[in-house]
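Residues per chain, in single letters:
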Amino acid sequence: MEALGLPHEAFRWAAWGQSGLGWSRGYLCYSYATGLKWRNPDPQAKPRFQWLTGKASSPWRSEWIKPHTSTVYLTEGESDCLALIAAGLENAENVACVAIPSAPGFAPEWAPLFKGKRVVLCFDDGPAGRDATANAAGALKSHASEVFKWKGAAIHG
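Residues numbered from 1 in each chain as written. Predicted model: local features only at pLDDT ≥ 70, side-chain atom pairs only at ≥ 80, totals over all residues. Heavy atoms only, no water.

Colleague: Lay out the side chain of E78 with the relevant residues and their values.
Modeller: Residue position: E78 is located in helix α2 (residues 78-86). We classify E78 as buried; its relative accessible area is 1%. Aside from chain neighbours lying at most four places away, what touches E78 is Y30, Y32, K37, W60, A99, I100 and P101. (Helix = DSSP H or I, 4+ residues; strand = E, 2+ residues; numbered from the N terminus. Buried < 20%, exposed > 50% of the residue type's maximum accessible area, 1.4 Å probe, protein only. Contact = heavy atoms within 4.5 Å.)

Colleague: Talk me through the sheet that holds strand β2 (residues 27-32); I want residue IDs and the actual numbers.
Modeller: Strand order in the open sheet formed by four strands is β1-β2-β3-β4, and the pairing between neighbours is antiparallel. Every other strand in the sheet has two partners, leaving β1 (20-24) and β4 (49-54) as the edge strands with one partner each. Going across the sheet, the axis of each strand differs from the next one's by a mean of 25 degrees, ignoring polarity. Bridge count for β2 against strand β3 (residues 35-39) is five bridges, and the pairing is antiparallel. Bridge assignment links C29 to a residue of β3, and that residue is W38. Relative to the sheet, α2 contacts β1, β2, β3 and β4, its axis offset from that of β2 by approximately 95 degrees. (Pairing = 2+ DSSP bridges. Axes fitted to C-alpha atoms, helices over the stretch in contact; angles between N-to-C directions.)

Colleague: So what's going on with helix α3 (residues 127-140)? Which residues, and what values?
Modeller: The first and last C-alpha atoms of α3 sit 20 Å apart over 14 residues, in line with the 20 Å expected at 1.5 Å per residue. All of the buried residues in α3 are G129, A132, T133, A136, A139 and L140. Along the axis of α3, the buried residues cluster in a sector spanning 140 degrees; they form a single face. Relative to its buried face, α3 has exposed residues pointing more than 90 degrees away, namely P127, D131 and A134. The inward-facing, buried residues of α3 abut β5 (71-76), β7 (118-122) and β8 (146-149). (Expected span 1.5 Å × (residues − 1). Arc of directions from axis to C-beta.)

Colleague: Any details on unusual backbone geometry? Residues and values, ideally.
Modeller: Here the amide bond leading from K46 into P47 is cis, since omega sits at -5 degrees, within 30 degrees of zero. Locating P47 in the fold gives a position in the loop between β3 and β4. Positive phi outside glycine occurs at R61, with the angle close to 75 degrees. The topology assignment puts R61 in the loop between β4 and β5.

Colleague: Explain the sheet that holds β7 residue by residue, including any values.
Modeller: The strands making up a sheet associate through hydrogen bonds between their backbones, and the pairing can be parallel or antiparallel. Read from one edge to the other, the open sheet built from four strands follows the order β6-β5-β7-β8, with strand pairing classed as parallel. Of all the strands in the sheet, just β6 (95-100) and β8 have a single pairing partner and so form its edges. Neighbouring strand axes in the sheet, compared pairwise and without regard to direction, differ in orientation by 20 degrees on average. Direction of pairing for β5 relative to β6: parallel, over a ladder of six bridges.

Colleague: Let's hear about the nonpolar core: which residues, and what values?
Modeller: By size, the foremost hydrophobic cluster in this structure holds 35 residues, and its most contacted members are W60, Y73, L74, F106, F114 and L140. Elements with a minimum of two residues in this core: β2, β5, α2, β6, β7 and α3. The leading source of residues in this core is β6, at five residues. For Y73, the residues in contact, after removing those within four places along its chain, are L84, L89, V95, A96, C97, V98, V120, C122 and W150. (Core = buried A, V, L, I, M, F, W, Y, C linked by side-chain atoms within 4.5 Å.)

No statement about biological role is implied by the geometric values presented.
In structure tokens form, the structure reads like this:
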């Protein structure tokens, strides 16, 4: 947790619900209903992220999108999602932070999850993030009430 520079409370908060979060042998583990992904603590490691089993069948923490949710912050990766939670973006009852598992990872079949929601795309500004922004925005345009690109300070990754 300290390696990400985030408080313990952010991890405790993010782990509630069906999407899991934990530690195993020094690796941060993100569990999905249909897979388990590890994050190597070494920033130079290749690969940095690895699916140990399965894959994502929906965005990480998508169960936090409720009927009363008005705004969803959608990040490019689980670590960025944790940073937004630590920054307090989920303090309001009608806000949820969820993550796609990787830059090209927004599947068009996930778009209905965001029906009628204001979606803020919080993807990196590199080539992969720009492609992911365009891909997600295109898929969401007929489902979300509004789609915005994050223009705030850099998100910790």
